[in-house]
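Structural features, examined
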Amino acid sequence: MAEKGSDLIYEVCCVFCKDDNVNWEATVYCKQCSKGLCDECVKYHKKLYKTHSTLRREDKKMWPVVDTT
Ligand SMILES: [Zn+2]
Ligand SMILES: [Zn+2]
């Protein structure tokens, strides 16, 4: 139940990195994709999908539950 200090456990992983078998924490969530993205991948994502709106980690409480598969 203790949630603070659990930064080592990635609740949401970057799906693009996951495709490359890299376990990297998602720092941004895309509402249109319904996926988490890391800082690196979100740069590419923003270029590819300019109209997508993302939620920053500061707004994590607004992130919906992410499908981790
Ligand atoms: Zn990534
Ligand atoms: Zn997106």
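As recorded in an unreviewed UniProt entry, the protein goes by the name B box-type domain-containing protein, listed as coming from Dreissena polymorpha.

1. Things to note about the overall build of the protein
If you tally the helices and strands in the protein, you get 2 helices and 3 strands. In the protein, the succession of α and β elements from N to C terminus is α-β-β-α-β. Put simply, the protein has 69 residues, and 20% of those count as buried.

2. With respect to the nonpolar core
In this structure, Val 12, Cys 14, Val 15, Ala 26, Val 28, Tyr 29, Cys 30, Leu 37, Cys 38, Cys 41 and Val 42 together form the largest nonpolar core, which totals 11 residues. The dominant element in this core, judged by the number of residues it contributes, is strand S1 (residues 28-30), at 3 residues.

3. A look at the environment of Thr 27
Tracing the backbone shows Thr 27 in the loop between helix H1 (15-19) and S1. Sequence spacing of Thr 27 and Cys 38 is 11 residues, and the spatial spacing of their C-alpha atoms is 5.0 Å. Not counting residues within four places of it along the chain, the set of residues in contact with Thr 27 comprises Cys 38, Asp 39 and Arg 57.

4. Re helix H2 (residues 39-48)
Looking only at H2, the buried set comprises Cys 41, Val 42 and His 45. For H2, the buried positions fall inside an angular range of 100° around the axis, keeping them on one side. In H2, those exposed residues whose orientation departs by more than 90 degrees from the buried face are Lys 43, Tyr 44 and Lys 47. If you follow the buried residues of H2, they end up packed against H1, S1, strand S2 (35-37) and strand S3 (54-56).

Quick notes on the rules
- Residues numbered from 1 in each chain as written.
- Chains lettered and ligands numbered in written order.
- Predicted model: local features only at pLDDT ≥ 70, side-chain atom pairs only at ≥ 80, totals over all residues.
- Helix = DSSP H or I, 4+ residues; strand = E, 2+ residues; numbered from the N terminus.
- Buried ≥ 20, exposed ≤ 12 C-beta atoms within 10 Å, placed from the backbone.
- Core = buried A, V, L, I, M, F, W, Y, C linked by C-beta atoms within 7 Å.
- Contact = placed C-beta atoms within 7 Å.
- Arc of directions from axis to C-beta.

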